[in-house]
Amino acid sequence: QDTATEETGGTASTFTNVTFEAGFRHGYGSKVVFPDCTFGSNTEGYALHFEYDEVGTAGEIKLTGCKFLGGKVHLGGPRTYAFTNCDFATGTDFQVWTGVTLNGCTVNGVAVTAENMATLFPKLDATKVTLK
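Residues numbered from 1 in each chain as written. Predicted model: local features only at pLDDT ≥ 70, side-chain atom pairs only at ≥ 80, totals over all residues. Heavy atoms only, no water.

Peer 1: Can you lay out the pairing of strand S10 (residues 72-75) for me, pointing to particular residues and giving the numbers?
Peer 2: Of the strand pairs in this sheet, strand S7 (residues 46-50) and S10 are connected by 4 bridges, and their pairing is parallel. Bridging across to S10, His49 finds its partner in His74. Bridge count for S10 against strand S13 (residues 93-96) is 4 bridges, and the pairing is parallel. Bridge assignment links Leu75 to a residue of S13, and that residue is Val96. (Pairing = 2+ DSSP bridges. Helix = DSSP H or I, 4+ residues; strand = E, 2+ residues; numbered from the N terminus.)

Next up, the structure:
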């Protein structure tokens, strides 16, 4: 079942089992949760994109059991991002300007490790990544 809920004030949202065929672009806010979602990409190639927000809200964006079909995953601060048991297509352009945690994530079924992360995600700044 596809659901989307939002708390008062628009700072917290949950998208459960939603397929974003054209990606999720220009995101803002904090406490956004994406359980079991699928991300395609739009005509500009974005699968998941959160803007950098200088005056914005800190907080964590949580993605659990999500599937990324390719494209760009570009994540701005000051919020942090936690990916748990997510699978990325080979060639996903993953870039972050803030902290990100990868817990049990894979690229086409291959576990992301400290040894292969630079090969799987060549543009990902390893200094901003925590692997679990």
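Once you've had a look at it, read on.
Peer 1: Which residues make up the packing of aromatic side chains, and what are the values?
Peer 2: Under the defined criterion, the tally for this structure stands at 19 aromatic pairs. Measuring from centroid to centroid gives 5.4 Å for Phe20 and Phe24, while their planes differ by 85 degrees, and the two rings are edge-to-face. The exposure class of Phe24 is buried, given its relative accessible area of 17%. Between Phe83 and Phe88, the ring centres sit 5.7 Å apart and the planes meet at 50 degrees, which makes this aromatic pair tilted. (Phe/Tyr/Trp six-rings, centres within 6.5 Å; stacked < 30°, edge-to-face > 60°. Buried < 20%, exposed > 50% of the residue type's maximum accessible area, 1.4 Å probe, protein only.)

Peer 1: Tell me about the sheet that holds strand S9 (residues 67-68), and name the residues and values.
Peer 2: Taken in spatial order, the 6 strands line up as S3-S6-S9-S12-S15-S16 in an open sheet, and their pairing is mixed. Two strands in the sheet have a free side with no partner beyond their single neighbour: strand S3 (19-20) and strand S16 (110-111). In the sheet, S3 pairs with strand S6 (residues 38-39) via 2 bridges, with the strands oriented parallel. The residue bridging Phe20 from the neighbouring strand is Phe39, located in S6.

Peer 1: So what about the sheet that holds strand S4 (residues 24-27)? Which residues, and what values?
Peer 2: In any sheet, the strands associate via hydrogen bonds between backbone groups, in a parallel or an antiparallel arrangement. The sheet built from 4 strands is open, its strands ordered S4-S7-S10-S13 with parallel pairing. Strands at the two margins of the open sheet, each flanked by one partner only, are S4 and S13. Across the sheet, the axes of successive neighbouring strands diverge by a mean angle of 5 degrees, strand direction being ignored. With 2 bridges connecting them, S4 and S7 associate as parallel partners. Bridge pairing links Phe24 to Leu48 in S7. (Axes fitted to C-alpha atoms, helices over the stretch in contact; angles between N-to-C directions.)

Peer 1: Can you explain the side chain of Asn42? Please cite residues and give values.
Peer 2: Structurally, the position occupied by Asn42 is in the loop between S6 and S7. Among the polar contacts listed, one links the side chain of Asn42 to the backbone nitrogen of Glu44, at a separation of 2.9 Å. Reaching out from Asn42, the side chain makes a polar contact with the backbone nitrogen of Tyr46 at a distance of 2.9 Å. (Polar contact = N/O pair within 3.5 Å; in protein donor to acceptor, adjacent residues only side chain to side chain.)

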